[in-house]
Amino acid sequence: MNILLIGLGGMGKVHYANASDIDGFNIVGVVGKGDFDRKEAEKRALPFFSGIDEALKAFPDIDAVDITTPTFLHKDYALEAISRNLDVICEKPLALSTSDASQIFMAAEEKGRRVYCAQVLRYTKEYSPIRKTVESGKYGAVVDAVFSRMSAYPEWATGSWLSDKSKSGLVPFDLHIHDLDIIVSSFGKPLGVSSSESTKCGDYWSFCYDYGSFKVHAEAGWIKAPIPFSATYRIIFERGVLTYDGSFLKMYEEGGEVVNYDISYDKIISTGINVPPTGWYYEELKEILSLLSEKKESNVKYSEILDVLGILEKF
Ligand SMILES: NC(=O)c1ccc[n+]([C@@H]2O[C@H](COP(=O)([O-])OP(=O)(O)OC[C@H]3O[C@@H](n4cnc5c(N)ncnc54)[C@H](O)[C@@H]3O)[C@@H](O)[C@H]2O)c1
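Keep in mind that this is a model prediction, so the values were computed, not measured.

What counts as what
- Residues numbered from 1 in each chain as written.
- Predicted model: local features only at pLDDT ≥ 70, side-chain atom pairs only at ≥ 80, totals over all residues.
- Heavy atoms only, no water.
- Helix = DSSP H or I, 4+ residues; strand = E, 2+ residues; numbered from the N terminus.
- Rg over C-alpha atoms; globule rule 2.2 N^0.38 Å.
- Buried < 20%, exposed > 50% of the residue type's maximum accessible area, 1.4 Å probe, protein only.
- Contact = heavy atoms within 4.5 Å.
- Near = heavy atom within 4 Å.
- Polar contact = N/O pair within 3.5 Å; in protein donor to acceptor, adjacent residues only side chain to side chain.
- Areas by Shrake-Rupley, 256 points an atom, 1.4 Å probe, with all protein chains shown as cover.
- 1 Å grid on protein atoms, 1.4 Å probe; cavity = no way out; pocket = protein on both sides within 12 Å on 5 of 7 lines; lining within 4 Å.
- Sits in = over half its atoms within 2 Å of the grid points.
- Core = buried A, V, L, I, M, F, W, Y, C linked by side-chain atoms within 4.5 Å.
- Domains from an automatic or database assignment.
- Points joined across faces, edges and corners; volume = space filled by probe spheres on them.
- Pairing = 2+ DSSP bridges.
- Buried area = accessible area lost by both parts, 1.4 Å probe.
- Salt bridge = Lys/Arg side-chain N within 4 Å of Asp/Glu carboxyl O.
- Axes fitted to C-alpha atoms, helices over the stretch in contact; angles between N-to-C directions.
- Parallel < 35°, antiparallel > 145°, perpendicular 65-115°, else oblique.
- Left-handed = near helix turned anticlockwise from the far one by under 90°.
- Nonpolar A, V, L, I, M, F, W, Y, C, P; charged D, E, K, R; others polar.

Some words on the overall build of the protein
Counting secondary structure elements, the protein contains ten helices and 14 strands. Its C-alpha radius of gyration of 20 Å places the protein within 12% of the 20 Å reference for a compact globule of 315 residues. With respect to the principal axes defined by its C-alpha atoms, the protein has extents near 65 × 45 × 35 Å. By residue count, 52% of the 315 residues in the protein fall in the buried class. Pairs at least 24 apart in sequence give 65% of the contacts found in the protein among residues at least 6 apart.

The structure is reproduced here in structure tokens:
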């Protein structure tokens, strides 16, 4: 498949590095902004374009765009790509509001195009067992769940868009969205939502999702101290506790058995961002490419994206 990469900053480079290892994920060029992106494209021997139409003139057989620009630009690039009959891969968050995301989905529907939102945790061995365990019912009902996602204050993004709420949505839209996507796709849409924020240490958020018979607690923060990136969870079921501590995924079963999950990856690729080398993005892009080439819908459902954005809009 011929893919036009849009943006070549932190995530653009991650997508490029991973795509280079995936047979058939052919990045034909880059749409970027200014000399910085142009030079980064040159370093990778990639043709550089200032827009989608310019790229289409050079490569009329582009199948899809892969949008890795700052978040506030996702909607316009997605709509433009769809209007040119291209499918869309887009970094999370797809958009900064439900109404923007709905516009993208309606345009895609009209043109018969597909939208693949890169919610990377869906493709990981660390997080995908949550939904499977809930759905199987093997360990009974969920009793309680806790998710955490913490990072040093981000300094890596280009310009100041990440610290501008109207452009990134800050911690809820940029960081917590990873866990919220897993929460909503595993447990459904919560009945109630509450949150609190402290800006004393950076930007620290605490969330509570009410599911009636149980609650899901979550924290996410950009902290003004050099803490390493961490992402963990713990889910208590009636007959077992599933824990991921950032290194190991285990199910502690009632009765004393401990199940150790295999969370190793065949391919580990450096990210260059504040995420350690990982197989996550490789697995994600490989699966998206397979769906794209078979003209299949994304397994990140549009309704789930709208539910997640609808919750984030409240914060
Ligand atoms: N899935 C993940 O784990 C993950 C991690 C980090 C960021 N992200 C997401 O990826 C997106 C990009 O984040 P980033 O950290 O790579 O940002 P970044 O600032 O490092 O990179 C943005 C890139 O887009 C380019 N750009 C800016 N304006 C443009 C325009 N008008 N047209 C084309 N290109 C333009 C910039 O020059 C740069 O190359 C965000 O939506 C963010 O939420 C996802």
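A look at the site of the ligand
Neighbouring residues of the ligand: 26 residues in total, closest Met11, Asp37, Tyr77, Thr158 and Tyr281. Within the contact set of the ligand, an oxygen atom lies 2.6 Å away from a side-chain nitrogen or oxygen of Tyr281. For the ligand, the protein covers 91% of the area, taking 850 Å² as the surface of the free molecule. For the ligand, the cavity whose grid points lie within 2 Å of the majority of its atoms is the largest pocket.

Regarding the nonpolar core
In terms of nonpolar packing, the biggest core is built from 102 residues, with Tyr127, Phe147, Phe187 and Ile235 touching the most fellow members. If one sorts the elements of this core by residue count, helix H8 (residues 170–187) sits on top with ten residues. Both domain 1 (1–119 + 268–315) and domain 2 (126–263) contribute no fewer than three residues apiece to this core. Leave out the neighbours within four places in its chain, and Tyr127 touches Leu121, Phe147, Arg149, Asp179, Ile182, Ala231, Thr232, Tyr233, Tyr244 and Trp280.

Quick notes on empty space enclosed by the protein
Applying the stated rule across the entire model yields one cavity of 30 Å³ or more. Around the largest cavity, the lining residues are Pro93, Leu94, Cys117, Gln119, Ile177, Asp181, Ile305, Val308 and Leu309. No other element matches helix H10 (residues 302–312), which puts three residues into the lining of the largest cavity.

Some words on the pairing of strand S2 (residues 26–31)
In terms of residue burial, S2 counts as a mostly covered element, since five of its six residues are buried. Where strand S1 (residues 2–6) and S2 come together, five bridges link them in parallel fashion. In the sheet register, Leu5 faces S2, and the bridge partner there is Val30. Pairing of S2 with strand S3 (residues 48–49), which is carried by two bridges, proceeds in the parallel orientation.

Digging into the domain arrangement of the protein
Looking at the assigned domains, one finds that the protein contains domain 1 (1–119 + 268–315) and domain 2 (126–263). Relative to domain 2, the C-alpha centre of domain 1 lies at a distance of 24 Å. Between domain 1 and domain 2, the residue contacts involve 21 residues of the former and 30 residues of the latter. Here domain 1 meets domain 2 over a buried area of about 2,400 Å², counting both sides, of which 71% is carbon and sulfur. The interface formed by domain 1 and domain 2 holds three salt bridges in total. In this structure, Lys189 engages Asp307 in a salt bridge whose closest nitrogen and oxygen atoms are separated by 3.8 Å.

Thoughts on the pattern of salt bridges
Opposite charge on two side chains makes pairing possible when the charged atoms of those side chains draw close. Applying the stated criterion to the full structure yields 17 salt bridges. In this structure, Arg131 engages Glu135 in a salt bridge whose closest nitrogen and oxygen atoms are separated by 3.1 Å. Note that Arg131 and Glu135 are positioned in helix H6 (residues 128–136) at a spacing of four residues, about one turn of the helix. Taken together, the salt bridges that share partners define one network made up of Arg122, Arg131, Glu135, Asp181 and Glu304.

A short note on the packing of H6 against H8
Direction vectors running N to C along H6 and H8 enclose 20°, while the axes themselves pass 9 Å from each other. On the basis of their axis angle, the class for H6 and H8 is roughly parallel. Helix-helix and strand crossings are classified by hand; for H6 and H8 the assignment is right-handed. Note on element contacts: H8 touches H6 through Ile182, Ser185, Ser186 and Phe187, opposite Ile130, Arg131 and Val134. Among the residues forming the contact of H6 with H8, the class breakdown is four nonpolar, two polar and one charged.

Notes on the layout of surface pockets
Taken as a whole, the largest pocket encloses approximately 990 Å³ of empty space. Elements represented by at least two residues in the lining of the largest pocket include exactly helix H1 (10–19), helix H2 (34–43), helix H4 (74–83), strand S7 (142–152), H8 and helix H9 (280–293). In terms of residues, the lining of the largest pocket owes the most to one element, H8, which gives three residues. Of the residues contributing to the lining of the largest pocket, the split by class is 24 nonpolar, 14 polar and eight charged. Shared between two domains, the lining of the largest pocket takes at least three residues from each, and those domains are domain 1 (1–119 + 268–315) and domain 2 (126–263).

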